[in-house]
Amino acid sequence: MSVSFDFDVILRSAPYLFAEGMRFTVTLTVLAALGGVFLGTLLALMRLSPTRLLSWPAALYVNVMRSIPLLLVIFWLYFLVPYFGAWLLGEDRPIQVGAFWTSVVTFTLFEAAYFAEIARAGIQSVPRGQLGAAYAIGLTHGQAMRDVVLPQAFRNMLPVLLTQTIVLFQDTSLVYVLSITDFLGAATKVGQRDGRLVEMYVFAAVVYAVVCYLLSRLVRRLERRVAIIR
Amino acid sequence: MNYDWTWSVFLEPSPDGRGTYLQTLVEGLGWTVAVSLSAWVLALVLGIAVGTLRTVPHRGASVFAAFWIETFRSIPLLVQIFLWYFVVPELLPAGLGDAIKAMRPPWGSFWPAVIGLAFFTSARVAEQVRAGIESQSRGQRHAALAVGLTVAQTYRYVLLPMAVRIILPPLTSEFMNTIKNSSVALTVGLLELTAAARSMQEFSFQVFEAFAAATVIYLVINAIVVLAMRALERKLAVPGLHGQAVRGTRK
């Protein structure tokens, strides 16, 4: 080891790393998870629909999204979001979209494909008889889904959903390629400025490892609590 | 949307002076395949070893394996690759570290990416292997020991061959993840497929064509892997054991 390990640089930069970097990482994770679950549930409902016009596009979307790397999706959307925004607002020219909203849209659209598969499994895990019973007491398909099937499905899929959110938390580090100051981006900036990349990357790795380990322990405990005893 | 479509851009010469943009993409594909396959082979070896240790009746071994799995699963792949690329050469003895840093490109980016991807994937393979071993009835192990096999022989001839056949479907999706994850190698400067598409887009300004080409190539790779693995699964399917035998392997 050519130079000694400098703990001081970590202490000095910790407020910046957490207040700037980690705040971005957590905000992005939460927004993308919420958006992804919402869109993913819609996609799952579409995919399970008997109408081809609904199930086909949903299946296509989910399969294509799950076949390409997240980095490629990030590059795609960095290019497409300004055009899409212009189309949405009826402008002639591509609009300026900040790095934050670009990454929120990107991760929401990407995660939706994965959440859709989880939601589909969750919905299918609810016994068919539940739907039949809901129809029998006179509920419409929409009511049966909303009031009977989905609540049970969410309970079944909650642990997997949270595990996927931990994966999302790790994946947000890839905004590195857009030069955004997420937790890893902040560590990189400090490391490059002070010539202390070794310390900063080791520290970043330890923080990610501890956070993800604790979260996954929490999920495991939750899994035992929400399990429906049949 | 006024976008200037030029699909013939693939035949134009790229600024690296070595051929057309099409060639850039094909070379990128080559690196994607090289990184993915090397990392996958290494991940399988490590994953089977660690997954086995996780289940053996020896406390030290199973604690070590659990630590391995939690560590390499909890750190983002990008951070792991950075550790291998930026940090490890600094922590090694100066001579060795300098030799690593002096590696000719692209090997200086290739190996950290392969090792990082392999260790990351090995944790996930190990979890599958553990599940594959634990899903077999206790009778298998007991019977093997009863006929006089040692613990090592029990694993080698009875538990592991079955486990691998049982976990083939989840391993397929792990392999596809490895191919997709190999794109992270671009962050340390390896010109794999996604990076090739990005560089083509930067120089030619034909963003849509470049990314569309990369997307189609990834879809084709996926289709090939799915078909090949399906054939393998049919060949190795355990008679009388249907469908997804392994459930809830994540945690």
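Residues numbered from 1 in each chain as written. Chains lettered and ligands numbered in written order. Predicted model: local features only at pLDDT ≥ 70, side-chain atom pairs only at ≥ 80, totals over all residues.

Draft legend 1. Representation of the overall build of chain B. When its secondary structure is counted, chain B shows 10 helices and zero strands. Shown N-terminal to C-terminal, the secondary structure of chain B runs as helices and strands in the order α-α-α-α-α-α-α-α-α-α. If one aligns the C-alpha atoms of chain B with their principal axes, the spans along those axes are about 70 × 50 × 30 Å. Relative to its 251 residues, chain B shows a buried fraction of 41%. Considering only residue pairs separated by 6 or more positions, chain B has 76% of its internal contacts joining residues 24 or more positions apart. (Helix = DSSP H or I, 4+ residues; strand = E, 2+ residues; numbered from the N terminus. Buried ≥ 20, exposed ≤ 12 C-beta atoms within 10 Å, placed from the backbone. Contact = placed C-beta atoms within 7 Å.)

Draft legend 2. View of the interface of chain A and chain B. On the chain B side, the residues contacting the 34 residues of chain A number 31 residues. Secondary structure elements with two or more residues in the side of chain A that touches chain B: α2 (52–67), α3 (70–89), α6 (141–171) and α8 (197–226) of chain A. Considering each element in turn, the side of chain A that touches chain B owes the most residues, 14 residues, to α8 of chain A. Among the residues forming the side of chain A that touches chain B, the class breakdown is 26 nonpolar, six polar and two charged. (Nonpolar A, V, L, I, M, F, W, Y, C, P; charged D, E, K, R; others polar.)

Draft legend 3. Spatial organisation of the nonpolar core. Counting residues in each nonpolar core, the largest one holds 126 residues, and the members touching the most others are A187 and A204 of chain A together with V79 of chain B. With sequence-adjacent residues up to four places away left out, A187 of chain A is seen in contact with L17, G21, M200, Y201, F203 and A204 of chain A. (Core = buried A, V, L, I, M, F, W, Y, C linked by C-beta atoms within 7 Å.)

Draft legend 4. Representation of helix α10 (residues 207–236) of chain B in the model. End to end, α10 of chain B covers 43 Å across 30 residues, agreeing with the expected 44 Å (1.5 Å per residue, within 8%). Three or more residues of α10 of chain B are buried, namely E209, A210, F211, A213, A214, I217, Y218 and I221 of chain B. Looking at the packing, one finds that the buried side of α10 of chain B touches α2 and α3 of chain A together with α1 (21–55), α8 (168–181) and α9 (193–204) of chain B. (Expected span 1.5 Å × (residues − 1).)

Draft legend 5. Main features of α3 of chain A. Taking 1.5 Å per residue, 20 residues should reach 28 Å; α3 of chain A reaches 27 Å between its end C-alpha atoms and fits that length. For α3 of chain A, the set of buried residues is L70, L71, L72, V73, I74, F75, W76, L77 and V81 of chain A. Contacts made by the buried residues of α3 of chain A are with α4 (99–124) and α6 of chain A together with α9 and α10 of chain B. Taken from the residues just after α3 of chain A, G90 of chain A is the one with a positive phi, measuring 70 degrees.

Draft legend 6. Geometry of the packing of α4 of chain A against α6 of chain A. Residues and elements named next belong to chain A. One can describe the packing of α4 onto α6 by two numbers: an axis separation of 9 Å at closest approach and a directional angle of 140 degrees. What the angle tells us is that α4 and α6 run oblique. Between α4 and α6 the crossing geometry is right-handed. Together, F107, E111, Y114, F115, I118, A119, A121, G122 and I123 of α4 and V149, A153, F154, N156, M157, V160, L161, Q164 and L168 of α6 make up the contact between the two elements. Class assignment of the residues belonging to the contact of α4 with α6 gives a composition of 14 nonpolar, three polar and one charged. (Axes fitted to C-alpha atoms, helices over the stretch in contact; angles between N-to-C directions. Parallel < 35°, antiparallel > 145°, perpendicular 65-115°, else oblique. Left-handed = near helix turned anticlockwise from the far one by under 90°.)

On their own, these measurements won't tell you what the molecule is for.
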